[in-house]
Amino acid sequence: MRRLFAGLAAGTLLLATAACGSSDGSGSPAPDTSSGGTTTVELGLIPIVDVAPVYLGEKKGFYAKQGLKLSITTAQGGAAIVPGVVSGQFQFGFSNMTSLMVAQSNSVPVRAVANGIASTGVRGKDFEALTVKKGSPIKSAGDLEGRKVAINTLKNINETAVRASVAKAGGDPDKVQFVELPFDQMPAALDSGRIDAAMVVEPALATIKSQGGAEIASPMVDVSPNLTVAMYFTSTQYAQQSPDVVKRFQQATAESLAYADAHPDEVRQIITTYTKIPASVLEQVTLPKWPAEANRSSIEDLMKLGQADGLFKTSPDLDKLLP
């Protein structure tokens, strides 16, 4: 299963979680308001652990309380979501921060409106990790020079994070051989020796641990303490045309995030309703954090690393991108 982390490169929308394909449904170009006064908004999501608060908030009535009805369209990754939001197919979508900054630096009219997910901030206990197979001679990220390291999408958040870990451990990130591989294929590739290390997120991380694999770094934590990894966003046009709807979506999502962060057991249960992850696997999964507010300083840290990696056409304007 693919997660959200994919990329935007050379002005091409190859977004996010963040990896996506085509949408399995279509949205309306503008929200529909029923006679009961409820506004229906189209929301483009990837069916992954990260977006559990939205499904939980919908079940708990947090969106209905704000007069919103969510019409959720799922995609296999972010590639369909950003163009869908910009074109008006979706009113809101979900993406990792690097992809949003790449889009903004390429003059793609997007604006983040609500927090998404954050790293746990705890090394060795995050929802992501740089991993090696059982018995590997590689003991730290600094040992990865000349090695083949799998990431789900080149030139995006995961590559930046791994490069940060390698540099922090005294290695040269330019000497790492990055290869692109879907998250769900990484455990088998690592176990068979086709790759030397893998930057994985849950539930692939739990699978690798079950194979006896080891964590050698927590790259998201190395980028910045309590890194804001992804956010919900809309188009700048929709934000200007429908500020009241955006405000209500923000309020409902903030309540959903807070509830999810405080009720992990309910999060694990709701995930089984929109993914194919077995409940037995979910018990071993490390959940991300869902703070109600984004951590701007951590996004600035990610931006600086992305700039050093040459990911942005122009410097992202966080004042225009962030709420």
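See the structure above.
Quick look at the structure, then. Fair warning: this is a prediction, and the values are worked out from it, not measured in the lab.

What counts as what
- Residues numbered from 1 in each chain as written.
- Predicted model: local features only at pLDDT ≥ 70, side-chain atom pairs only at ≥ 80, totals over all residues.
- Heavy atoms only, no water.
- 1 Å grid on protein atoms, 1.4 Å probe; cavity = no way out; pocket = protein on both sides within 12 Å on 5 of 7 lines; lining within 4 Å.
- Points joined across faces, edges and corners; volume = space filled by probe spheres on them.
- Helix = DSSP H or I, 4+ residues; strand = E, 2+ residues; numbered from the N terminus.
- Nonpolar A, V, L, I, M, F, W, Y, C, P; charged D, E, K, R; others polar.
- Salt bridge = Lys/Arg side-chain N within 4 Å of Asp/Glu carboxyl O.
- Buried < 20%, exposed > 50% of the residue type's maximum accessible area, 1.4 Å probe, protein only.
- Pairing = 2+ DSSP bridges.
- Axes fitted to C-alpha atoms, helices over the stretch in contact; angles between N-to-C directions.
- Contact = heavy atoms within 4.5 Å.

## Side note on empty space enclosed by the protein
- Each pocket or cavity is described by its volume, and for the largest cavity that value is around 40 Å³.
- It is helix α6 (residues 186-192) that provides the largest number of residues to the lining of the largest cavity, a total of three residues.
- When its residues are assigned to classes, the lining of the largest cavity shows three nonpolar, two polar and three charged.

## Regarding the pattern of salt bridges
- A complete count under the given rule lists twelve salt bridges for this structure.
- In this structure, Asp174 engages Arg163 in a salt bridge whose closest nitrogen and oxygen atoms are separated by 2.8 Å. With a gap of eleven residues between them, Asp174 in the loop between α5 (157-168) and β8 (177-180) and Arg163 in helix α5 connect regions that are remote in the sequence.
- Relative accessible area serves as the criterion here: at 60%, Asp174 is assigned to the exposed category.
- Measuring nitrogen to oxygen at the nearest pair gives 3.1 Å for the salt bridge that ties Arg296 to Glu300. In this pair, Arg296 and Glu300 both sit in helix α13 (residues 296-308), four residues apart, roughly one turn of the helix.
- Judged by relative accessible area, Glu300 falls into the partly exposed class, the value being 28%.
- Salt bridges here are not isolated pairs; linked through shared partners, they connect Arg123, Lys168 and Asp222.

## Details of the sheet that holds strand β6 (residues 128-132)
- Pairing is mixed in the open sheet, where five strands are placed in the order β8-β7-β9-β6-β10. Among the strands making up the open sheet, the edge pair consists of β8 and β10 (214-217). On average, each strand axis in the sheet is inclined to that of its neighbour by 35 degrees, with strand direction left out of account.
- Bridging between strand β7 (residues 148-151) and β8 involves four bridges; their strand directions are parallel. Its bridge partner lying in β8, Ala150 is registered against Val179.
- The sheet contacts of α5 involve β6, β7, β8, β9 (197-201) and β10, and relative to β7 the element is tilted by about 140 degrees.

Spatial relationships are all this shows, so hold off on functional conclusions.
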